[in-house]
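Now for the letters of each chain:
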Amino acid sequence: MDLALLYSGGKDSTLAALLLESFYDVTLVTGRFGVTDDWRHARDAAGRLDYDFDTVELDRGVAEAAADAMAEDGYPRNGIQRVHEHALERVAELDVDAVADGTRRDDRVPTVSRAQAQSLEDRHDVDYLSPLVGFGRHAVDRLVEETLDVESGPSEHISKGDYEGELRALLAERHGRETVSAVFPDHEQTYVRGLK
């Protein structure tokens, strides 16, 4: 069975791929808005892990609306949620049996509710899987420590293929560089260098 996993090159989506590969033919898929070339970091991580890789084009208007919402809200949650939902929709349009992401039990954003998952499944005739939804942060960290070679650091310094890089660039373009640091709290990101 073919599965498209929404992939950033970080530890969560990589761990999700490892958990699913026993049951599915996994292709790692990164959504891109065409704002930056950050998607290449996800492609490189997928290549080092020996997974098939693909991209889907996302609607730049969704990213612009998300950036505007983040500037208005003063925090990234609603904008990132909007982008994640859009990316899942695009991935579900691929010719696959299932779609998945790396969301965890403790994530504040993005999240996928039961109703959203069922709607996605019904409208696109796919299964939606979130293999880490039963895992808390510490469990994920322990599994990653045992399995993956990971680079971690402040979000603005770690290159990976998630939405944040493109959203930061759009936010700076539309609302000024100072808005980026005001909207995004300091947080750690990860980028997978390979298996241990």
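In the nomenclature of an unreviewed UniProt entry, the protein is known as Asparagine synthetase domain-containing protein of Halopelagius inordinatus.

### Digging into the pattern of salt bridges
The final tally for this structure, using the stated rule, is 17 salt bridges. Between Lys 196 and Glu 145 there is a salt bridge, with the nearest N and O atoms lying 3.4 Å from each other. One end of the pair, Lys 196, is in the segment after strand S7 (188–195); the other, Glu 145, is in helix H6 (residues 137–147), with 51 residues separating them in the sequence. The two residues Lys 196 and Glu 145 agree in class, both being exposed. Of the charged contacts, one joins Glu 164 and Arg 168 as a salt bridge, the two residues approaching to 2.8 Å between their closest N and O atoms. Taken together, the positions of Glu 164 and Arg 168, both in helix H7 (residues 163–175) and four residues apart, correspond to about one turn of that helix. An identical accessibility class is assigned to Glu 164 and Arg 168; each is buried.

### Quick notes on H7
An α-helical segment advances 3.6 residues per turn. Residues three or four places apart therefore align on the same side. With 13 residues, H7 extends 17 Å between its outermost C-alpha atoms, agreeing within 8% with the 18 Å of an ideal straight helix rising 1.5 Å per residue. For H7, the set of buried residues is Tyr 163, Glu 164, Glu 166, Leu 167, Arg 168, Leu 170, Leu 171 and Ala 172. Buried residues in H7 make contact with strand S1 (2–6), strand S2 (25–32), helix H3 (60–73), helix H4 (77–92), helix H8 (177–183) and S7. Among the residues trailing H7, Gly 176 stands out with phi positive, at a value near 95 degrees.

### With respect to the nonpolar core
In this structure, Val 83, Val 91, Val 99, Leu 167 and Phe 184 are the most contacted members of the largest nonpolar core, which totals 31 residues. Sorting the residues of this core by element identifies S1, H3, H4, helix H5 (114–124), H7 and H8 as the ones contributing at least two each. Discounting residues that sit within four places of it in the chain, Leu 167 has contacts with Ala 63, Ala 66, Met 70, Ile 80 and Val 83. Judged by nonpolar contacts, the second largest core, of 24 residues, contains Leu 15, Leu 28, Ala 98 and Val 192.

### What to know about the packing of aromatic side chains
What the rule picks out here adds up to zero aromatic pairs. Above the ring of Trp 39, the side-chain terminus of Arg 32 is found at 4.5 Å from the ring centroid. We note Arg 168 situated over the ring of Phe 184; from NZ or CZ to the ring centre the distance is 4.6 Å.

### Some points on the packing of helix H1 (residues 11–20) against H6
When two helices pack together, you describe them by how their axes are tilted relative to each other and by the distance separating the axes. Running from N to C, H1 and H6 cross one another at 75 degrees; their axes reach a closest spacing of 11 Å. Between H1 and H6, the interaxial angle falls into the category roughly perpendicular. Listed contacts from H6 to Lys 11, Asp 12, Leu 15 and Leu 18 of H1 are Val 140, Asp 141, Leu 143, Val 144 and Thr 147. Of the residues in the contact of H1 with H6, the class split is five nonpolar, one polar and three charged.

So, how was this worked out
Residues numbered from 1 in each chain as written. Predicted model: local features only at pLDDT ≥ 70, side-chain atom pairs only at ≥ 80, totals over all residues. Heavy atoms only, no water. Salt bridge = Lys/Arg side-chain N within 4 Å of Asp/Glu carboxyl O. Helix = DSSP H or I, 4+ residues; strand = E, 2+ residues; numbered from the N terminus. Buried < 20%, exposed > 50% of the residue type's maximum accessible area, 1.4 Å probe, protein only. Expected span 1.5 Å × (residues − 1). Contact = heavy atoms within 4.5 Å. Core = buried A, V, L, I, M, F, W, Y, C linked by side-chain atoms within 4.5 Å. Phe/Tyr/Trp six-rings, centres within 6.5 Å; stacked < 30°, edge-to-face > 60°. Lys NZ or Arg CZ within 6 Å of the ring centre and 35° of its normal. Axes fitted to C-alpha atoms, helices over the stretch in contact; angles between N-to-C directions. Parallel < 35°, antiparallel > 145°, perpendicular 65-115°, else oblique. Nonpolar A, V, L, I, M, F, W, Y, C, P; charged D, E, K, R; others polar.

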